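Residue-level listing of the chains:
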Amino acid sequence: MNNRIRQIAFIVLALAFFAGPWLWAPIRNYAPGLAVIAGIIFAVTLGNPFAKLTGKLSSQLLGAAIVGMGCGMNLHEVLAAGAQGFIYTLIGIVLGLGLGCLLGRLLKIDKNCYYLVSVGTSICGGSAIAAAAPALKAKASDIALASATVFTLNAVALLVFPYLGKLLGFTQEQFGYFAALAIHDTSSVVGATFQYGEKALEIGTTVKLARALWIVPVTLFIASCVAEKDPDGKRSFKLKVPWFIPGFLIAAAIVTYLPQTAAAGSFFKELSKYLMVFTLFIIGANLSREKLRELGIRPLIHGLVLWVILSVIWCSAIYLGLVGA
């Protein structure tokens, strides 16, 4: 297909995923899953004509959508949900890193690769991998393998989790915790909870962002205790913290303490939902044939087994009323 035609088709399809759910309510529950599937199919079959642009743009659009969601939330409720999810997140990170390292050694995977997959699974997917990679001084191949593994499982979670939650009879609050604690990446948590309901979306986003804050202490731990030392015997790294976390809190604070901004905040929160669907299409389009070829079987097995174990633990805890009750 002519590249210009591919570019036009890509733009039209992306815009359709933004405007369609906004204008036609019946497809809103299915739009996030359809968007990521359509993006993957387009990229794998026709190729992403804007691959360099979408790789950079997706994280910025994701951040903007999350900040927009903060515009419609009460800061006190956000902090309460984040505080409640703090202990759960700590338990999940300890389990994730511990089991991830054990599985990685059993599968004889490169140390940096299994640490990146474990961090991505335990905290927040691609953002955690991007933060931990400089601390580990990981090779590009390790980063690519870990990112491809986590991204692939994120796509699966986005499609499977809403059906699993309904099958188990989870309330919106329970599903919000389940998605926030068991899905790797923020975009997939938002996409899955968006399909489940408004309350699930609010809880899932809040608890997930609280989980993402653990990037800082975990990266410090990796840099201090895990990473190889420099030739001078010291360890050095650059810490990366997602900008949308403080942005989300600031937006929630504005609408909480300035009631006159509530109407505008509600509009931006609604707009952010459809921006997220648009972003999910772009995220799906970032999974190219080249990335699929890079995805080795052992890192995939490592990521899949680790994810399934943690998901079963959280699912059981929520089902038994130990979490999110």
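Note that the structure is a prediction, hence the values are computed from the model and not measured.

What counts, and at which threshold
Residues numbered from 1 in each chain as written. Predicted model: local features only at pLDDT ≥ 70, side-chain atom pairs only at ≥ 80, totals over all residues. Heavy atoms only, no water. 1 Å grid on protein atoms, 1.4 Å probe; cavity = no way out; pocket = protein on both sides within 12 Å on 5 of 7 lines; lining within 4 Å. Points joined across faces, edges and corners; volume = space filled by probe spheres on them. Helix = DSSP H or I, 4+ residues; strand = E, 2+ residues; numbered from the N terminus. Nonpolar A, V, L, I, M, F, W, Y, C, P; charged D, E, K, R; others polar. Buried < 20%, exposed > 50% of the residue type's maximum accessible area, 1.4 Å probe, protein only. Contact = heavy atoms within 4.5 Å.

Q: Would you mind going over empty space enclosed by the protein with me for this structure?
A: It is a probe the size of a water molecule, rolled over the atoms, that shows where empty space is left. Scanning the model with the defined rule gives 1 cavity of 30 Å³ or more in all. By volume, the largest cavity amounts to about 90 Å³. Taken together, Tyr88, Thr89, Gly92, Ile93, Thr121, Ser122, Leu181, Ala182, Arg211, Trp307, Leu310 and Trp314 make up the full set of residues lining the largest cavity. Those elements giving two or more residues to the lining of the largest cavity turn out to be α4 (75-106), α5 (111-122), α8 (172-182) and α15 (297-319). The element best represented in the lining of the largest cavity is α4, accounting for 4 residues. Tallied by class, residues from the lining of the largest cavity come to 7 nonpolar, 4 polar and 1 charged.

Q: I'm lost on the environment of Ala64 in this one. Help?
A: Following the sequence through the fold, Ala64 ends up in helix α3 (residues 51-70). Judged by its relative accessible area of 35%, Ala64 falls in the partly exposed class. Sequence separation of Ala64 and Met276 is 212 residues, and the distance between their C-alpha atoms is 8.9 Å. Other than its neighbours up to four places away in sequence, Ala64 contacts Trp243 and Leu275.

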